[in-house]
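Residue-level structure breakdown
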Amino acid sequence: MEYGLIGGKLGHSYSKTIHELLCGYSYELCPLPTEADARAFLQRRQFKAINVTIPYKKLVMEYCSFIDPRARAIGAVNTVVNKNGLLYGYNTDYLGFAHLCEAHGVELAGKTVLILGTGGTHNTTRAVALDKGAAKVLTVSRTPDPEKGELSYAEAVRSGAQVVFNTTPAGMYPNVGVCSLDVAAMPGLEAVVDVVYNPNKTELILRAEDAGVPVAVGGLEMLVAQAVYAAEYFLGRKFEDAPGEVRRITAALRRETLNIALVGMPSCGKSTLGRLLAKQLGRPLVDLDEEIVKADGRSIPDIFAAEGEEGFRAKETAQIARFGKEKGLVLSCGGGAVKRAENVRALRQNTRVKVDPVALLFGKRGVGGNLHRRDRRADRRSAARGEEHHLCAGSHQRRDGAQVVARPLHEIQPFFGHGFAIAEHIAHLSRAALLGAAEGFVFQRGDAARLVARRGIFVDLLTVADEVFLEIVDEIDRFAEGRLVLAAIHQDGFRAKHFRHLGQQRRAAVARQKVGSAAQKRVG
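Counting starts from 1 at the beginning of each chain's written sequence and moves along it residue by residue. Selection of residues for local features in this predicted model requires a pLDDT of at least 70, selection of side-chain atom pairs for listing and counting requires 80 or more, and totals for whole chains, interfaces and linings are taken over all residues. Excluding hydrogens and water, the side-chain figures rest on all heavy atoms present in the structure.

1. A look at the packing of aromatic side chains
- Any pair of Phe, Tyr and Trp rings, taking the six-membered ring for Trp, is counted once the centres come within 6.5 Å. Such a pair is stacked with planes under 30 degrees apart, edge-to-face with planes over 60 apart, and tilted for the rest. Under the counting rule described, the total for this entry stands at ten aromatic pairs.
- Centroid distance Tyr 25 to Phe 234: 6.4 Å. Interplanar angle 40°. Geometry classified as tilted. Pair noted here: Tyr 25 is in the loop between α1 (15-23) and β2 (27-31) and Phe 234 is in helix α8 (residues 220-235), with a separation of 209 residues, a long-range link. For the pair shown, Tyr 25 and Phe 234 are each scored as buried.
- Relative to Tyr 233, the ring of Tyr 90 lies with its centre 3.9 Å away and its plane at 15°, an arrangement referred to as stacked. Helix and strand assignments follow DSSP, with helices taken as H or I runs no shorter than four residues and strands as E runs no shorter than two, numbered in order from the N terminus. Only protein chains enter the accessibility calculation, which uses a 1.4 Å probe. A residue is then buried if its area is under 20% of the maximum for its type, exposed if over 50%, and partly exposed in between.

In C-alpha cells:
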C-alpha cells in the first residue's frame, strides 16, 4: 500500500473518495480490528504515507521518529509520512477544524466555548478555540469529573456559552436522531459545529437550525480539509489554493451523497421522474409506498381499510426513518408524508433538494419571462383545450457567482399524456442546476413558506390555504429576484390565474424599466 487509512472500523469512510478525487493516486482503506494488528502494520512500515483514525491516533505516536509540535501538544497524530523508514507524525485535524470554523464565520475571540465530549477530538477543537482567542473553554461529559471542571449536560445549558462544538459520536450514522444537549434552551448561541459528517445534518444541527442559531454546520468540510492538508504532507508540496480544493471536493461529495426527495400526490409523475433521475444520475430509486407494501405484506388500500390513515402514516414514518438516514438515493414520497414533522426531519438529515414534479421554475426574470416562442404556442394550445400549462425557461447568475441554467419545465398533469416528457426533461437538467441550486432542504407549509421564499430555497405550495397562497406569491414576487425558487401549485384556475398575473406584472415592470432606461440615454 502506498497511501491509505488505518483504523478500527472503516466501513463508512469517505477518505478513499476524497483523496482519489483530490490527487488521483490510489488510496486504500485498511481496517485493523485489534491493537495487535495495528502494531504489526506500523512495524512493517510498508507504506509511503497514511492517515490514522480512531482508536490509533495515540498509539501511532509510539512509532514516530518525529512528531510535529502541534500534534504533540494535542496528543494525537492522524497523518504519518514514511521518509526512508522513519515515520513523521502530524495532526491535520487541527487544520481541518480551523478551516471549518473560518469558512462559516464562527467567531471565537472572547467567546465562551462549550465542547461536548472528552475524547481525542476534544483536544483538537480545544486547541483551535484557544488559539483563536476564546475567553473560556468548558467541557461537557455524560460522566463529568468535577475535579477537572467538567459539566453535565444539564449544567451545560446554563453555561452561557456562545459556541458549541460536538466531538462525540452522538447522532452519527447509523444511530441517527440522538442528541443530549437542549440547544433550544440556550439563548445567545451564535454557532453550533458538529464534527460528525454522516448524516449531513445530525440531530444536534437540526435542533440548532430549528432554534435559529445563526451558524449550524456539520463536519464534512472538516473531513475534506484535513485530507487536503494531509495530501500536502503526503506529496511534499502545497496546493496553490487549498481552501478552493476543499470547496471543490466538498461540493463533489455532496452531489454524490445527498439524497433527492420527490414529494407529490398520486399521478403527479414522481414515480416516472424518479426512475429517470435514478437512471440519469446512477442512483438507487426507493419508492416508499412500495417499501411499505413489502414490509407489511398488504396493499396500501388494504392497510387503509384495516388501520385507517393513522395506521398507514405510522408505517410510512417507519420507512422514511429507515431510508432518510441513507445517502445517494432518489426517494419517492407520497404527498401526505409531510403531514408529520418527524418525516420532514428525517428527510432533512441527508436531503438537499426537494422537487415536486408538478412545478414552476422561478428564475431571475420571474414567472413567464424568457419563454421560447414554441412554448408560447404550446401554452395557447393547452389553454384552448382547457389545460393549465405554464412554461418558464432561462438562466441566471446567483449572487454567489454560480451560473444556474434552467430548461422549460411544464406544469401539467401526467394523465394529459405529457408526464413522461416532463419527467425526462427534468431528469436531463444538469447536476449543477438540480443539486447545486438550493442552499438547503426546507419543506414547510403555511406561513412558514414565506420565510423559505425569502431564503431562495425550494417552496411547496400544494395545499396551503388560498389566503396564505396569495401572501406567498407576494413574497416570491419581492424576494425571488436573483434566486432560484421551485414552487408547486394546485392544478386549479385560482392559483394558475395569480401566477399568470404575477408573470404579467413582472414583464410589465421590466418593459417600463427598459423604456425608462432608453429615455435616460436619449436625454443624456
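After that view of the structure, there is still more to cover.
2. Some thoughts on the sheet that holds strand β11 (residues 215-217)
- Here the rule is simple: two strands pair whenever DSSP picks up at least two bridges between them. The strand order across the open sheet formed by five strands is β8-β7-β9-β10-β11, and the pairing between neighbours is parallel. In the strand order of this sheet, the two ends are held by β8 (136-140) and β11, each with one partner. Ignoring which end each strand starts from, the neighbouring axes of this sheet average 15° apart.
- We call two residues in contact whenever any of their non-hydrogen atoms come within 4.5 Å of each other. Angles here are taken between N-to-C directions and fall from 0 to 180 degrees, while the axes themselves are lines fitted to C-alpha atoms, restricted in helices to the stretch in contact. Where helix α7 (residues 203-210) meets the sheet, its contacts fall on β7 (112-116), β9 (163-166), β10 (191-194) and β11, and the angle it forms with β10 comes to roughly 165°.

3. Let's talk about the packing of helix α12 (residues 300-324) against helix α13 (residues 341-348)
- Close contact between α12 and α13 brings their axes to 8 Å; oriented N to C, the two are set at 15°. Considering the angle they form, α12 stands roughly parallel to α13. The hand of the α12/α13 crossing is left-handed. Residues Glu 316, Thr 317, Ile 320, Ala 321 and Gly 324 of α12 form the contact with α13, whose participating residues are Glu 342, Asn 343, Ala 346 and Leu 347.
- For this classification, Asp, Glu, Lys and Arg are treated as charged, while Ala, Val, Leu, Ile, Met, Phe, Trp, Tyr, Cys and Pro are nonpolar and the rest, including Gly, are polar. Residues belonging to the contact of α12 with α13 are distributed by class as follows: four nonpolar, three polar and two charged. Every angle not falling under 35 degrees, over 145, or within 65 to 115 is termed oblique; those three ranges are roughly parallel, roughly antiparallel and roughly perpendicular. Take the far helix as the reference: if the near one is turned anticlockwise from it by less than a right angle, the crossing is left-handed, and if turned clockwise, right-handed.

4. Considerations on the sheet that holds β2
- With mixed pairing, the six strands of this open sheet are ordered in space as β2-β1-β3-β5-β6-β4. Of all the strands in the sheet, just β2 and β4 (66-67) have a single pairing partner and so form its edges.
- As defined by bridge partners, strand β1 (residues 3-7) adjoins strand β3 (residues 49-52) across four bridges and the pair is classed as parallel. Considered in β3, the bridge of Tyr 3 is made with Ala 49.
- Across the face of the sheet, α1 comes into contact with β1, β2 and β3 while running at roughly 160° to β2.
- Contacts between α8 and the sheet are confined to β1, β2, β3, β5 (79-83) and β6 (86-90), with β5 contributing the most and set at about 10° to the helix.

5. Section: helix α9 (residues 242-257)
- Taking 1.5 Å of rise per residue, the 16 residues of α9 would be expected to cover 22 Å, and the 22 Å separating its terminal C-alpha atoms lies within 8% of that figure.
- Contacts made by the buried residues of α9 are with α1, α4 (93-103), α8 and β12 (259-264).
- N or O atoms within 3.5 Å of each other form a polar contact, as long as, within protein, one can give a hydrogen and the other can take it, and as long as residues adjacent in sequence are counted only when both atoms are side-chain atoms. A distance of 3.0 Å separates the backbone nitrogen of Gly 244 from a side-chain oxygen at the start of α9, and that oxygen is part of Asp 241. Under the convention used throughout, the expected extent of a helix is 1.5 Å for every residue step, that is, one less than its residue count.

6. Things to note about the pattern of salt bridges
- In what follows, salt bridge is the name for a side-chain nitrogen of Lys or Arg lying within 4 Å of a carboxyl oxygen of Asp or Glu. What the rule picks out here adds up to 25 salt bridges.
- In this structure, Lys 111 and Glu 190 form a salt bridge, with 3.2 Å as the shortest nitrogen-oxygen distance. Pair noted here: Lys 111 is in the loop between α4 and β7 and Glu 190 is in the loop between β9 and β10, with a separation of 79 residues, a long-range link.
- Measuring nitrogen to oxygen at the nearest pair gives 4.0 Å for the salt bridge that ties Arg 340 to Glu 342.
- For Arg 340, a relative accessible area of 18% translates into the label buried.
- Linked by salt bridges that have partners in common, Lys 201, Glu 203, Arg 207, Glu 209, Asp 210, Arg 345 and Arg 348 make up one network.

7. A closer look at unusual backbone geometry
- Residue Tyr 173 is joined to Pro 174 through a cis peptide bond whose omega torsion reads 5°.
- Along the chain, the position of Pro 174 falls in the loop between β9 and β10.
- For Arg 45, which is not glycine, the phi dihedral falls at a positive 55°.
- Along the polypeptide, Arg 45 turns up in the loop between α2 (35-44) and β3.
- Overall, the relative accessible area of 26% leaves Arg 45 in the partly exposed class.
- Although it is not a glycine, Asn 84 adopts a positive phi angle of roughly 55°.
- Locating Asn 84 in the fold gives a position in the loop between β5 and β6.

8. Concerning the pairing of β2
- Where β1 meets β2, five bridges bridge the pair, whose relative direction is parallel. Looking across to β2, one finds that Tyr 3 is bridged to Tyr 27.
- This β-α-β element, β1 to α1 to β2, shows right-handed connectivity. When the strands point away from the viewer and the connection leading from the first strand across the helix to the second strand turns clockwise, the crossover is called right-handed.

9. Observations regarding the nonpolar core
- In this structure, Ile 18, Val 224, Val 228 and Phe 234 are the most contacted members of the largest nonpolar core, which totals 26 residues.
- Broken down by secondary-structure element, the contributors of at least two residues to this core are β1, α1, α8 and α9.
- In terms of residue count, the dominant contributor to this core is α8 (ten residues).
- Every residue in contact with Val 228, bar those within four places of it in the chain, is listed here: Leu 22, Phe 239, Ala 242, Glu 245 and Val 246. Residues enter a nonpolar core if they are buried and are Ala, Val, Leu, Ile, Met, Phe, Trp, Tyr or Cys, with the set joined through side-chain atoms within 4.5 Å.

10. Looking at the pairing of β3
- Residue alternation in β3 divides its side chains into two sets, Ala 49 and Asn 51 and Ile 50 and Val 52, and both sets are buried.
- Across three bridges, β3 lies against β5 in antiparallel orientation. Within β5, the residue paired with Ala 49 across the bridge is Val 81.

11. Quick look at the confidence of the model for the protein chain
- With 66% of its residues at a pLDDT of 70 or more, the protein chain has an overall mean of 75.
- On a range of 0 to 100, pLDDT expresses the predictor's confidence in each residue. When the criterion is pLDDT under 50, residues 355-469 qualifies, and its contacts beyond four places in sequence or with other chains add up to 276 contacts.
- The low-confidence segment residues 475-500, where pLDDT is below 50, has 102 contacts with residues more than four positions distant or belonging to other chains.

12. Things to note about α7
- Listed as buried for α7 are Glu 203, Leu 204, Ile 205, Leu 206 and Ala 208.
- Among the structural elements, β7, β9, β10, β11 and α13 are those in contact with the buried residues of α7.
- The positive-phi residue at the C-terminal boundary of α7 is Gly 212, with phi of around 80°.

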